[in-house]
Amino acid sequence: MSSSGFNSVVFDAKPKKRKAKALWNTVRRVSGVPPTMMEYRPPNRWHVDDDGNRIWRKTAEWVIHHEMGRFLFKGTAMKVADQIEEEGLELN
């Protein structure tokens, strides 16, 4: 796990960092099951989409892998946790 803030960070177990841990606990509390994996993608970075196009990402992204599916949220860990509390995990 990288903690530089410049690279994506993958959590395949409960994170030790406070805000990521709070998001993990929110997913577990709302769905009844913890996520199988979470990925944090930092803001202000280039990334390559599935088609090979380079895209500038202005906002942080959280990819949450769960037994119900894969969910993509944009924003800080706290904003994502609030959104999950209000709306739950729903496939788009």
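Up top you'll find the structure we're talking about.
(A) Region of interest: the overall build of the protein chain. Each helix and strand in the protein chain was counted, giving two helices and six strands. N-terminal to C-terminal, the α/β element order of the protein chain is β-α-β-β-β-β-β-α. For the protein chain, the spread of C-alpha atoms along the three principal axes comes to 35 × 30 × 20 Å. By sequence separation, contacts in the protein chain at least 24 residues apart represent 40% of the contacts at least 6 residues apart. For the protein chain, the exposed area adds up to about 6,100 Å²; of that, 48% sits on carbon and sulfur atoms. Computed over 16 positive and 12 negative side-chain charges, the inter-centroid distance for the protein chain is 10 Å.

(B) Fine view of the pairing of strand 4 (residues 54-57). Where strand 3 (residues 45-48) lies against strand 4, four bridges are found, and the strand directions are antiparallel. Along strand 4, the bridge assignment pairs His47 with Ile55. What sits between strand 3 and strand 4 in their antiparallel hairpin is a turn of five residues, with Gly52 showing a positive phi close to 90°.

(C) Examining the side chain of Glu39 more closely. Looking at the secondary structure, you find Glu39 in strand 2 (residues 37-41). Here Ser8 takes part through its side chain, which lies 3.5 Å from a polar atom of the side chain of Glu39. Residues in contact with Glu39, not counting those within four places in the same chain, are Ser8, Val9, Val10, Glu61, Trp62 and Val63.

(D) Just the pattern of salt bridges, in detail. Within this structure, the stated rule accounts for four salt bridges. One salt bridge in this structure joins Arg41 and Glu39, with 3.6 Å as the shortest N-O distance. The exposure class of Glu39 is buried, given its relative accessible area of 14%. A salt bridge links Lys74 to Glu61, with the shortest nitrogen-to-oxygen separation between them at 3.2 Å. With a gap of 13 residues between them, Lys74 in strand 6 (residues 69-74) and Glu61 in strand 5 (residues 61-66) connect regions that are remote in the sequence. With relative accessibility at 54%, the residue Lys74 sits in the exposed group. Here the salt bridges do not stand alone but share partners, grouping Glu39, Arg41, Glu61 and Lys74 into one network.

(E) Structural context of the sheet that holds strand 6. The strand order across the open sheet built from four strands is 1-2-5-6, with neighbouring strands paired in antiparallel fashion. Each end of this open sheet is capped by a strand with a single partner; those strands are strand 1 (9-11) and strand 6. The mean inter-strand angle of the sheet, taken between neighbouring strand axes irrespective of direction, is 15°. Its contacts with the sheet put helix 1 (residues 18-31) on strand 1, strand 2 and strand 5, and the angle it makes with strand 5 is roughly 40°. Where helix 2 (residues 77-87) meets the sheet, it contacts strand 5 and strand 6, and its direction lies at approximately 125° from that of strand 6.

Rules used in this analysis
- Residues numbered from 1 in each chain as written.
- Predicted model: local features only at pLDDT ≥ 70, side-chain atom pairs only at ≥ 80, totals over all residues.
- Heavy atoms only, no water.
- Helix = DSSP H or I, 4+ residues; strand = E, 2+ residues; numbered from the N terminus.
- Contact = heavy atoms within 4.5 Å.
- Areas by Shrake-Rupley, 256 points an atom, 1.4 Å probe, with all protein chains shown as cover.
- Lys, Arg positive; Asp, Glu negative; His and termini not counted.
- Charge placed at Lys NZ, Arg CZ, Asp CG, Glu CD.
- Pairing = 2+ DSSP bridges.
- Polar contact = N/O pair within 3.5 Å; in protein donor to acceptor, adjacent residues only side chain to side chain.
- Salt bridge = Lys/Arg side-chain N within 4 Å of Asp/Glu carboxyl O.
- Buried < 20%, exposed > 50% of the residue type's maximum accessible area, 1.4 Å probe, protein only.
- Axes fitted to C-alpha atoms, helices over the stretch in contact; angles between N-to-C directions.

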